[in-house]
Number of protein chains: 2
Amino acid sequence: MDRAIAVLDEYGLESLTMRRLATDLGVQPSALYHHVPNKQTLLTAVAEEILARGRRPRRAGEWDRRAVEVCHELRDAMLAYRDGAEVVVTAYSFGLGTVGPAGELREALRDGGLPDDLVGVGTRALLHLVFGHTVEEQTALQAASAGAIDWTPGGPADFERGLELVLDGLRSRVGG
Amino acid sequence: MDRAIAVLDEYGLESLTMRRLATDLGVQPSALYHHVPNKQTLLTAVAEEILARGRRPRRAGEWDRRAVEVCHELRDAMLAYRDGAEVVVTAYSFGLGTVGPAGELREALRDGGLPDDLVGVGTRALLHLVFGHTVEEQTALQAASAGAIDWTPGGPADFERGLELVLDGLRSRVGG
DNA sequence: ACCTGAACACCGTTCAAGT
DNA sequence: ACCTGAACACCGTTCAAGT
């Protein structure tokens, strides 16, 4: 797991192959299949580890500030490793909603007193915003640091303004 | 182009390889490189063709209803072909914003009289919502039709409720 | 201009065999 | 239990050579 994340962070997702990881570990590729059934499972484990390493204590009390906090933690966790956003988003799209923060977000919206169906709609909307923004941001950051692009993308400020758009929508529906 | 989309729709993105497309066309793989510099370019062209085939006339007059209309057109276009959402989202993440509907969305928000920076934030938020929802919906639909899953995901109703959340946020900021 | 044939440098995964 | 060695069935891409 440690070596997988190290290879990912140093050489990128396209270089995180079973063969390369095996070489890095000084082992034959086939040896990996005694610890993991296939590559997708390996990548899911990497995604979970990235999220676990990004975990922080909750501070906010209000449900909406807590939702923003979870979104920031998620973004920061993904940005902490090269191609982290892609890895997490792909893992999420496989095991729909299994990955950690979805549950915490859902809980926050529920605590806000929103009706059940809106909790679902709102949670997915926030997750999609975080994922979309962060993949775009990370791609642009990496392209910029490679000199392939001249502009820099919207950072935390733009990120939060996007979140506020849907939180406005949610707040106006509390108790509705 | 026609054969590429046909192969995609019949066998899925993972089967749309240069070698397979070549075989389908009765030609050697190397022959494709006289029409396209690499696979990514081919996939971008496929994405553009999928969007072009989904193009519909604009009906709505109001800027916010027009934005919803563009989002629906985008979703429908992607859902029309197997793995269409993945192909379009990937292409988008490479040539950031070059793909068609982003401009139309941007134009709609601008017509709404929103300040320039909010136009950018809002456009990206809507795009990310459409992409996130549609990839999730299509993945679940395909998993369900393969019998791999029992539930069905949120369709057009949930889709539109998500959009309305951010449109509420945007409307409340018109003239602000 | 467009294509073939052959090669290069890779993939993920399986499986008998070893210790 | 954990690993090796060897193979299977693929990839994207390049390039000299043909028409």
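Rules used throughout
Residues numbered from 1 in each chain as written. Chains lettered and ligands numbered in written order. Predicted model: local features only at pLDDT ≥ 70, side-chain atom pairs only at ≥ 80, totals over all residues. Heavy atoms only, no water. UniProt positions renumbered as here; feature names shortened; annotations may be inferred. Helix = DSSP H or I, 4+ residues; strand = E, 2+ residues; numbered from the N terminus. Core = buried A, V, L, I, M, F, W, Y, C linked by side-chain atoms within 4.5 Å. Buried < 20%, exposed > 50% of the residue type's maximum accessible area, 1.4 Å probe, protein only. Contact = heavy atoms within 4.5 Å. Near = heavy atom within 4 Å. Polar contact = N/O pair within 3.5 Å; in protein donor to acceptor, adjacent residues only side chain to side chain. Least-squares fit on C-alpha atoms with pLDDT ≥ 70 in both. Buried area = accessible area lost by both parts, 1.4 Å probe. Salt bridge = Lys/Arg side-chain N within 4 Å of Asp/Glu carboxyl O. Nonpolar A, V, L, I, M, F, W, Y, C, P; charged D, E, K, R; others polar. Expected span 1.5 Å × (residues − 1).

The name an unreviewed UniProt entry assigns to chain A is TetR/AcrR family transcriptional regulator C-terminal domain-containing protein, from the organism Amycolatopsis samaneae.

(A) Representation of the UniProt feature "domain: HTH tetR-type" (unreviewed entry) in chain A within the structure. Here, UniProt's "domain: HTH tetR-type" (unreviewed entry) annotation points to residues 1-54 of chain A. Measuring from the first to the last C-alpha atom of residues 1-54 of chain A gives 15 Å, for a span that is 59% helix and 0% strand.

(B) Focus on the nonpolar core. Of all hydrophobic cores here, the largest spans 102 residues; its most connected members are Leu 170 of chain A together with Leu 170 of chain B. Ignoring any residue separated from it by four or fewer positions in sequence, one finds Leu 170 of chain B in contact with Leu 165 of chain A together with Trp 63, Leu 109, Leu 114, Leu 118 and Gly 122 of chain B.

(C) Examining the protein's contact with DNA strand D more closely. In the vicinity of DNA strand D, 14 residues are found, and the nearest of them are Gln 28, Ser 30 and His 35 of chain A together with Arg 19 and Tyr 33 of chain B. Within 4 Å of the protein, atoms of DNA strand D come from sugar and phosphate in 43% of cases. Here Gln 28 of chain A contributes a backbone N or O atom positioned 2.7 Å from a phosphate oxygen of DNA strand D. A distance of 2.7 Å separates a base oxygen of DNA strand D from a polar side-chain atom of Ser 30 of chain A.

(D) Representation of unusual backbone geometry in the model. One non-glycine residue, Asp 83 of chain A, adopts positive backbone phi at about 60°. Take Asp 83 of chain A: it is sitting in the loop between α4 (63-79) and α5 (84-94).

(E) The relation of the copies chain A and chain B, seen in detail. Mapping chain A onto chain B calls for a rotation angle of 180° and an axial translation of 0.0 Å; the resulting RMSD is 0.0 Å. Here the transformation between the copies is reduced to the relation of a two-fold axis. If distances are taken from each C-alpha of chain A to the rotation axis, the shortest is found for Val 166 of chain A, at 2.3 Å. Residue by residue, 100% of the interface of chain A is reproduced at the interface of chain B, so both copies engage with the same surface.

(F) Region of the structure containing the interface of chain A and chain B. At the junction of the two partners, chain A supplies 27 residues and chain B supplies 27 residues. Together chain A and chain B conceal approximately 2400 Å² of surface at their shared face, both sides included; 64% is due to carbon and sulfur atoms. When the shortest N-O distance is used, the salt bridge between Arg 161 of chain A and Asp 117 of chain B registers 3.1 Å. For the pair chain A and chain B, the interface holds 14 residue pairs in polar contact (both at pLDDT 80 or more). Of all the secondary-structure elements, those providing two or more residues to the side of chain A that touches chain B are α5, α7 (116-145) and α8 (156-171) of chain A. Element by element, the count of residues in the side of chain A that touches chain B is highest for α7 of chain A, at twelve residues. In the side of chain A that touches chain B, the residues fall into ten nonpolar, nine polar and eight charged.

(G) Spotlight on the protein's contact with DNA strand C. In the neighbourhood of DNA strand C, 14 residues make up the surrounding shell, with Arg 19 and Tyr 33 of chain A together with Gln 28, Ser 30 and His 35 of chain B lying closest. Each atom of DNA strand C within 4 Å of the protein was classed as base or backbone; sugar and phosphate made up 43%. One of the backbone N or O atoms of Met 18 of chain A is found 3.1 Å from a phosphate oxygen in DNA strand C. Here a base nitrogen of DNA strand C and a side-chain polar atom of His 34 of chain B are 2.7 Å apart.

(H) Geometry of the UniProt feature "DNA-binding region" (unreviewed entry) in chain A. Listed under "DNA-binding region" (unreviewed entry) in the UniProt record, and renumbered for this structure, are residues 17-36 of chain A. Overall, residues 17-36 of chain A shows 35% helix and 0% strand. The separation of its end C-alpha atoms is 13 Å.

(I) Inspection of helix α8 (residues 156-171) of chain B at higher detail. With 16 residues, α8 of chain B should reach 22 Å at 1.5 Å per residue; the first-to-last C-alpha distance of 22 Å fits that figure. Burial in α8 of chain B covers these residues: Phe 159, Gly 162, Leu 163, Leu 165, Val 166, Leu 167, Gly 169 and Leu 170 of chain B. Contact partners of the buried residues in α8 of chain B: α7 and α8 of chain A together with α4 (63-79), α6 (101-111) and α7 (116-145) of chain B.

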